[in-house]
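In case you want the letters, here they are:
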Amino acid sequence: MQRFILGRVVQSIVSMFVVSIVVFTLVRLSGDPIAIMAPPEASEEDIKLMRAYLGLDRPWTTQYWWFATRALQGDFGQSIRFRRPAFELVAERYGATVELGGLAVLIVIAVALPVGVYAAVRRGTTLDYIARGFAALGQAVPPFWLGLLLVLVFGVLLHLLPTSGRGTPLHVILPGITLGWFAVAGLMRLTRSAMLDVLGSEYVKLARIKGLPERQVIWKHAFKNAALPVVTFAALLFVALLNGSIIVETVFGWPGLGLLVIEAVDSRDYPIVQAVVMCLSAMYIGVNLLVDVLYAYLNPKIRYSS
Amino acid sequence: MNGAVAADAVEPDVAPRRPDRRWPPLVPLVIVTALVVCAVFAPWLSPHSPLEGSLGDRLAPPIGAENAKPGHWLGTDRHGRDTLSRLVHGARISLAVSVVGITLTGAVGGFIGLLAGFIGGWVETLLMRLVDISLSLPGILIAVLLSVVFEPSFTNVIIVVVFLLWPSYARLVRGETLAIKQQEFVALARVAGCSGATIMFRHIVPNLMPSILVLATLHVGYVIVLEAALSFLGVGIPPPTPSWGVMVSDGRGLIEQAWWISILPGIAILATVLSLNILGDWVRDRLDPKLRQV
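Parameters at a glance
- Residues numbered from 1 in each chain as written.
- Chains lettered and ligands numbered in written order.
- Predicted model: local features only at pLDDT ≥ 70, side-chain atom pairs only at ≥ 80, totals over all residues.
- Helix = DSSP H or I, 4+ residues; strand = E, 2+ residues; numbered from the N terminus.
- Rg over C-alpha atoms; globule rule 2.2 N^0.38 Å.
- Buried ≥ 20, exposed ≤ 12 C-beta atoms within 10 Å, placed from the backbone.
- Contact = placed C-beta atoms within 7 Å.
- Expected span 1.5 Å × (residues − 1).
- Bend = angle between axes of the 7 residues up to and from the residue.
- Nonpolar A, V, L, I, M, F, W, Y, C, P; charged D, E, K, R; others polar.
- pLDDT = per-residue confidence, 0-100.
- Axes fitted to C-alpha atoms, helices over the stretch in contact; angles between N-to-C directions.
- Parallel < 35°, antiparallel > 145°, perpendicular 65-115°, else oblique.
- Left-handed = near helix turned anticlockwise from the far one by under 90°.
- Arc of directions from axis to C-beta.

Asker: Would you mind going over the overall build of chain A in detail, with residue names and values included?
Answerer: Check the secondary structure of chain A and you find 13 helices and zero strands. Seen in sequence order, chain A has helices and strands lined up from the N terminus as α-α-α-α-α-α-α-α-α-α-α-α-α. Radius of gyration (C-alpha) of chain A: 24 Å, far over the 19 Å computed for a compact globule of 306 residues. When the backbone C-alpha atoms are referred to their principal axes, chain A occupies close to 90 × 60 × 30 Å. Every one of the 306 residues in chain A was classed for burial, and the buried ones make up 40%. Within chain A, counting contacts between residues at least 6 apart in sequence, those at least 24 apart form 74% of the total.

Asker: Can you tell me about the overall build of chain B, naming the residues and giving the values?
Answerer: Across its full length, chain B holds 11 helices and zero strands. Mapped in sequence order, the helices and strands of chain B form the string α-α-α-α-α-α-α-α-α-α-α. Dimensions of chain B along its principal axes, counting C-alpha atoms only, are 75 × 50 × 35 Å. When each of the 294 residues of chain B is scored for burial, the buried share is 47%. Contacts spanning at least 24 positions in sequence make up 71% of the contacts within chain B whose residues lie at least 6 apart.

Asker: Lay out helix α5 (residues 86-121) of chain A with the relevant residues and their values.
Answerer: With 36 residues, α5(A) should reach 52 Å at 1.5 Å per residue; the first-to-last C-alpha distance of 51 Å fits that figure. Of all the bends in α5(A), the greatest measures close to 30° and is centred on A:R93.

Asker: How would you sum up the interface of chain A and chain B? Please name residues and give values.
Answerer: Taken together, the contact pairs 55 residues of chain A with 47 residues of chain B. Those elements giving two or more residues to the side of chain A that touches chain B turn out to be α1 (2-29), α6 (126-138), α7 (143-157), α8 (173-199), α10 (214-252), α11 (257-266) and α12 (270-298) of chain A. Broken down by element, the residue count for the side of chain A that touches chain B peaks at 11 residues, all from α10(A). Split by residue class, the side of chain A that touches chain B holds 41 nonpolar, 11 polar and three charged.

Asker: Could you give an account of the confidence of the model for chain B, with specific residues and numbers?
Answerer: Residues and elements named next belong to chain B. Taken as a whole, chain B shows an average pLDDT of 83; of its residues, 90% reach a score of 70 or greater. Within chain B, the lowest mean pLDDT, 41, falls on helix α1 (residues 3-9), and the highest, 92, falls on helix α4 (residues 83-119). Across residues 1-17, where pLDDT falls below 50, the model places 38 contacts with residues more than four positions away in sequence or in other chains. Both confidence scores are given for the complex: pTM 0.84, ipTM 0.80.

Asker: Describe the packing of helix α2 (residues 26-40) of chain B against helix α11 (residues 259-287) of chain B, listing the residues and the values that go with them.
Answerer: Any two packed helices are characterised by the angle at which their axes cross and by the distance between the axes. Residues and elements named next belong to chain B. Closest axis-to-axis distance for the α2/α11 pair is 9 Å, and the angle between their directions is 120°. Overall, the two elements α2 and α11 adopt an arrangement that is oblique. You can see that α2 and α11 cross each other, and the crossing is left-handed. Of the residues in α11, those touching α2 at P28, L29, I31, V32 and L35 are A271, T272, S275, L276, I278 and L279. Looking at the contact of α2 with α11, its residues break down into nine nonpolar, two polar and no charged.

Asker: Account for the environment of A:G244, with residues named and values stated.
Answerer: Residues and elements named next belong to chain A. Turning to its location among the elements, G244 is positioned in helix α10. Taking the number of C-beta atoms within 10 Å as the measure of exposure, G244 has 26 and is therefore buried. In the structure, G244 is positioned 136 residues away from V108 in sequence and 14 Å away in space, judged by C-alpha atoms.

Asker: Explain α2(B) to me, using residue names and the numbers behind them.
Answerer: Residues and elements named next belong to chain B. An ideal rise of 1.5 Å per residue puts 21 Å on 15 residues; α2 measures up with 21 Å between its terminal C-alpha atoms. Of all the residues in α2, the buried ones are P28, L35 and C38. Projection of α2 onto a plane perpendicular to its axis shows the buried side chains occupying an angular sector of 90°, all on one side. Exposed and oriented more than 90 degrees from the buried face of α2 are L26, V30, T33 and V36. Structurally, α2 contributes buried residues whose contacts are with α3 (42-45), α4 and α11.

Okay, structure coming up:
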């Protein structure tokens, strides 16, 4: 198991390295940063000075080294639009994204697990059909459109909920549902099929023959064993949520990292895009690593392999 | 590791009774056929230009509502452009992105998987590590990065599609190649003096095709949603091109006065993707029941 974990850690570091290379190369490819930064009246001499000051006259390996070491210290340069360090802005917006993601995870767990479990237990009933219909639908509904539909229904027609921005607890409800929707569909489907596999097993039959109460059979005997694939997938969903948050934040004007980066695209604010891409990628890769370690721990086949 | 692909990968759904699977499900088939017809014959089918509107007809609601303008069945947007015409042309974009994107992805990912499986050794290790790394990079962020560096474009969308999906093809093809390599006809081809390249492309590739095709059909719906999402965010197909995602985005600020601008293209996406997913499942069950467990 140590070997497995070590391998995954090394791989995550390599992934992060690849991300940094991609970011570095793409931004360099985009043209001369001086052209954006220098005022139009700058003289030839000024531009040369600026180039030397920014280190743009050095070989690109040196430039990459600077870029990487600064990035590790959280220095991504000044935002062109806000005239403030990009990392500071990222740190400010981070909380909003985590709040939204957290609520979505809660919704996903609170809805998908019980419905998935009972859809399997009462297979073939109305509940099962509704759950399966929802799962199929959930994966075909584009999240940005679902968000607008919710705005239309709950904001415009019913005037029940605020549809934009952040502030009261009510503000987070619609974005939370939109973000969680897709994941609910996926996890519900998986929980259902994992439970179906387990419910047919001998030990569940035995538990029933022993006369244990149904609730105990379902949750203590069956669900515990169905949980392994569910755990892996739940973590994948977290990663999908990170991707989805960019879309949902844009729809609802939720002031998180996703909105920050999309606004930065419009104003071509490179430092912010760099900072957000690097930070979110780190989070993404970190979660992936954590999931694999957790999976290795939960799965005896890996845990006991040398 | 994106949700849609992962969700498809883990679905050992054991239905109580399997319905007759010889014929494709009718409704989804009709919807997808209609979509393809719209995409191919868009210029002849659409009643108006998708790009030019008349300002006199701005924000007309669909037929049946009050103040509807005759001739604009599904209403118009804020530039007076006909929604129906834009929807029909949008089908073109969706189809183009999925066909070009998935063909390229299948070719690139398939080739890499083929090399890994056929050659083995350190080449295999290296390529499969590359697959793992690629899976751990966030796709939408790459799209954002591309569009801030270059202008948003069709090419960017294709790059993102290839980037996100090639690992699944590489994994699938490598696994299949490993199995096919063991078979007798490959050994015989070798004895007959065929070169490595001949064996790969003449003897192995044809045997890989069914699985690749199945995976490709399962991906079409996902790619359509991806394109729409990127275009909606302003990092995909640039406006005024009538991509469905662009249309939803166009109507965002007008959701109170003119719901149809955003809601109708969303319904188009939903119906298309749902149909494609159902058809994809059918193709998978018909062609390659093995894949159900992959």
